[in-house]
Amino acid sequence: MPDHGHVLAAGHDDRPGRFGPYGGRYVPEALIAALDELDREYTAARQDPAFQAELTHLLTTYTGRPTPVTEAARFGEQAAHGARILLKREDLNHTGSHKINNVLGQALLTKRIGKQRVIAETGAGQHGVATATAAALMGLDCVIYMGEEDTRRQALNVARMELLGATVVPVKTGSRTLKDAINEALRDWVTNVATTNYVFGTVAGPHPFPTLVRDLQRIIGVEAREQVLELTGKLPDAVAACVGGGSNAIGIFHAFIDDADVALYGFEAGGDGVSTGRHAATITAGTPGVLHGARSYLLQDEMGQTIESHSISAGLDYPGVGPEHSWLKDIGRATYEPVDDADAMEAFRLLCRTEGIIPAIESSHALAGARRLGERLGPDATILVNLSGRGDKDVDTAAKWFGIMDESGEVAP
Amino acid sequence: MSTTVAFEKARAEGRSALVGYLPAGYPSVDGSIAALTAMIEAGVDIVEVGLPYSDPLIDGPVIQAAVDAALRAGTTTKDVLRVVEAVAATGAPAVVMSYWNPLDRYGAAAFARDLAAAGGSGVITPDLTPDADDSWIPAAREHGLDTVFLVAPSSTPERIAMTTAACRGFVYATSVMGVTGTREQVGDAAAGLVERTKATTELPVAVGLGVSTAAQAAEIAAYADGVVAGSAFVRRLLDAADPAAGVAAVAELAADLAGGVRTR
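Conventions and cut-offs
- Residues numbered from 1 in each chain as written.
- Chains lettered and ligands numbered in written order.
- Predicted model: local features only at pLDDT ≥ 70, side-chain atom pairs only at ≥ 80, totals over all residues.
- Heavy atoms only, no water.
- Helix = DSSP H or I, 4+ residues; strand = E, 2+ residues; numbered from the N terminus.
- Buried < 20%, exposed > 50% of the residue type's maximum accessible area, 1.4 Å probe, protein only.
- Contact = heavy atoms within 4.5 Å.
- Buried area = accessible area lost by both parts, 1.4 Å probe.
- Salt bridge = Lys/Arg side-chain N within 4 Å of Asp/Glu carboxyl O.
- Polar contact = N/O pair within 3.5 Å; in protein donor to acceptor, adjacent residues only side chain to side chain.
- pLDDT = per-residue confidence, 0-100.
- Pairing = 2+ DSSP bridges.
- UniProt positions renumbered as here; feature names shortened; annotations may be inferred.

Let us look at the overall build of chain A. Each helix and strand in chain A was counted, giving 16 helices and 15 strands. Once the C-alpha set of chain A is aligned to its principal axes, its extents read approximately 55 × 55 × 50 Å. The proportion of buried residues among the 413 residues of chain A is 63%. Relative to all contacts within chain A whose residues are 6 or more apart in sequence, the contacts with residues 24 or more apart total 73%.

The interface is formed by 37 residues belonging to chain B together with 33 residues belonging to chain A. For the chain B and chain A pair, buried surface summed over both sides reaches about 2,800 Å², with 47% attributable to carbon and sulfur atoms. Viewed at the interface, chain A and chain B are joined by four salt bridges. Our count for the contact surface shared by chain B and chain A stands at 20 residue pairs in polar contact (both at pLDDT 80 or more). Among the secondary structure elements, those contributing two or more residues to the side of chain B that touches chain A are α3 (61-72), α5 (100-106), β6 (150-151) and α8 (157-166) of chain B. Considering each element in turn, the side of chain B that touches chain A owes the most residues, five residues, to α5(B).

For chain B, per-residue confidence averages 95 on the pLDDT scale, and 99% of positions sit at 70 or higher. This complex was scored by the predictor with a pTM of 0.95 and an ipTM of 0.95.

A few words now on the pairing of strand β10 (residues 263-273) of chain A. All names here are of chain A. Most of β10 sits out of view: nine of its eleven residues are buried. In this structure, strand β9 (residues 238-243) lies alongside β10, joined through six bridges in parallel fashion. Residue pairing in the sheet places A240 in a bridge with Y265 of β10. Here β10 runs beside strand β14 (residues 334-340); their pairing, made up of seven bridges, is parallel. Note that in β14 the partner of G271 across the bridge is D340. Both β10 and strand β11 (residues 278-280) contribute to a ladder of two bridges, which runs antiparallel. Bridge pairing in β11 links A269 to A280.

Following A:R65, the chain continues into A:P66 via a peptide bond in cis, with omega recorded as 0 degrees. As for its placement among the helices and strands, A:P66 is situated in the loop between α2 (49-63) and β3 (69-71). Residue B:Y26 is joined to B:P27 through a cis peptide bond whose omega torsion reads 0 degrees. Considering the arrangement of structural elements, one finds B:P27 in the loop between β1 (17-23) and α2 (29-41). Located in the positive-phi region is B:L209, a residue other than glycine, with phi close to 90 degrees. Position of B:L209 among the secondary structure elements: in the loop between β8 (205-208) and α10 (214-221). By relative accessible area, B:L209 is classed as buried at 7%.

Let's shift gears to the UniProt feature "active site" (unreviewed entry) in chain B. Those places that UniProt annotates as "active site" (unreviewed entry) correspond, in this numbering, to B:E48 and B:D59. You can see B:E48 is positioned in strand β2 (residues 46-50). Beyond its immediate sequence surroundings of up to four residues, B:E48 is in contact with B:V19, B:G20, B:Y21, B:L22, B:L36, B:V95, B:M97, B:I124, B:Y172 and B:V228. Position of B:D59 among the secondary structure elements: in the loop between β2 and α3. Excluding residues within four positions of it along the chain, B:D59 makes contact with A:R187, B:Y99, B:V179 and B:T180.

This part is about the sheet that holds β1(B). The nine strands lie next to each other as β5-β4-β3-β2-β1-β9-β8-β7-β6 (chain B), forming an open sheet whose pairing is parallel. Where the open sheet ends on each side, the last strands, each with one partner, are β5 (146-148) and β6 of chain B.

Following this line, the structure appears as C-alpha cells:
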C-alpha cells in the first residue's frame, strides 16, 4: 500500500513518516525505542495474513463492518439544495463511531508486541470509549487521559469508560482539553514505556501514528467507494468529512485520492467564527510548526506557543491536525473550510428531523459542509458525507443549545 | 566561559560540575535573573535557562506550574535572551533548555545568532533528537553554540553513538524513564547509561532528572562529569513567601548540592 497515490508523488519526502515537509518525529529520545518498535511490528503485521485475518474477523463480527451507505433524500431535498447526499454510516459501528476501526488494530498490535497496558487520550470520549472497549475485549489494562473540561462536557462517556473497566484520569493542566490530555498521555508513556503501548486516537503525533492510524481507517473510504459505485454507477462529485485531528477524514479521503474528479473537503471547527479567534480551524487559520511530535499546521502565536482552541464539539477541539492533511492542503488535493458552531448545530437539527438520525456534533460539521457544497454544486451533484459518529454522547450539549434543557440539565418549561 | 572550560575546571578540582535549571520569567524576568545569579554565586558551575513553553511534555507538574506562570506573565523569547545575557555576564556558562517549536518559530538561524550575541553557550533540546530536523545543528555550528542532545535508558547503542556524535559541549543523560521532578531515588539505570555513553565519546556526560539532595548529587558525581538539578530549584521558588525568600532558598540549595558534588 503506497503512502500516497500517483498525484501526490511530486515533492514527497522519502523519509519515513514524512508528508512533504510535514510529519516526522519530534519527541524525547526516551520514546524513540518504543516508536521504532511500533513501526517495526506494524510493518510486519500489515504483511502478516494471520494478523490481517484476525483484524478482519473482529471488524466483521464485533464492529459490524461493512457499515452501510444511506441515501439521505429528505436531507438532500430540504437542506442541501437538492443535491444527492449519501451518508457513510460510521455511526453504526460498535461504540458509535469510526474510532473502533483504529483501536482494534492497535490493540492487536499491543498484544503482538507483548505489552499488557494501554493508554489513550480522548476529547469527546469516542476514542476513549473505543480503547476501553478493545482493552476489555482483549484483557488489557487501560488508562484514559481526558481534559477536565471534557470530562464535564462528556460525563456519559466517562461513565461508559469506567463501566468498561478503564481508569479515566481528568487532566487539570493547560486548557484542560484534548491537547493537554495528549501531553499527559505522552508523559505516562515516557514513564511506563516498557509495559505500555500508547493507542493514539488520530492521524497526528509522531511517526508511525499518522500512517498507522490512516491505514486502519482507510477501510471507510475503500468500502464507501465500492458502495457508491454500486448505488449510483459513478464516483461521487465530492467527499465531505469533519476534521479535528483528521482520522475519519483521511480514512474516507484516502481511497479517492487518485480519483482526480472527486473533490475532497475537510470541514474544521469554526467555533464562534474564525474572525473571533475562538475556533479550532487549524488548517484555515494556523501556521506550520511542531506539536505533539509532528510538524503540521497548528494554532500558535508568534512565539510558537500553542493557542487554545474552542469548539462546541469536544472531539474537534484540538489546535493541531494530522500532517497528511497539511500536505493535502498545500498541494491542493483537498480543500479545508471552517464551519462554525451555529451552522454545525443547524445541520445537526436538520438531520435529526429529516432522516431520524442523531449525528455526533463532530459529524454535523461535515453535514453543514455538505449543505454548502449542495448550494455550490447544485441538484445534479452527489456528495458523500462521512457520518463519523452518532450523537448519543452529545444529546446533553444539543438539548441545551436548542433550549430543550436548561444549564442545570432540567427540561425547560 | 564555555561549558567545556567549566567541565575542565571541575575535573581539575577532582569533582563533577553542578548544573542548575530555572525557567526564564518566573517569578518575573528580573526575578529569574536574580535567582540564577544567586545560584551561580552559591556554587553552580553551569546554568540552564528554561524557555517557557505551553506544552512541556517531558516536564512534571513543578516545572509546568512555573512555566505556565511565566507565560501568563507575558514572558517572550526576547526575555529569555535577556536573562541569558544577564547571567552570562557573571562569567558562568548559560545554556538554554528549550522545546523545539519556539526555536523553530523564531527561526533556527536567527535564534542561534541572537543567543550567541547574548553570550549564551548552547541549547539543550529535550524533544529534538539529532536526526529529527536538519536546521538546528548547522545553525548552532555557525555560531559556535553547544548542541546538547539527550540519551535515555531506552537508547540503543547505535542511537547513543549517533547522538553523542552530534553533541557539542556535553551529553545530557536522563537518569530514569520519566519526566522532570524530584525523586527518592535517581535510578539504577543512570550509572549504566553513563558508562554506555562514555564508551562512544570524550565529551563530558551530565546526569539529570530527579536530583534534589546533596546525597543524590554525591552519588551521581561518583560516575558522571556533571549533575543537573532543576525541579528542586523551581520548587524552592514556588514555595517561597516572596521573591527575595525564593532567591535565598535557591542559593541555599545550590550551596548544599555544590557540597554534594565535592564529596564523591
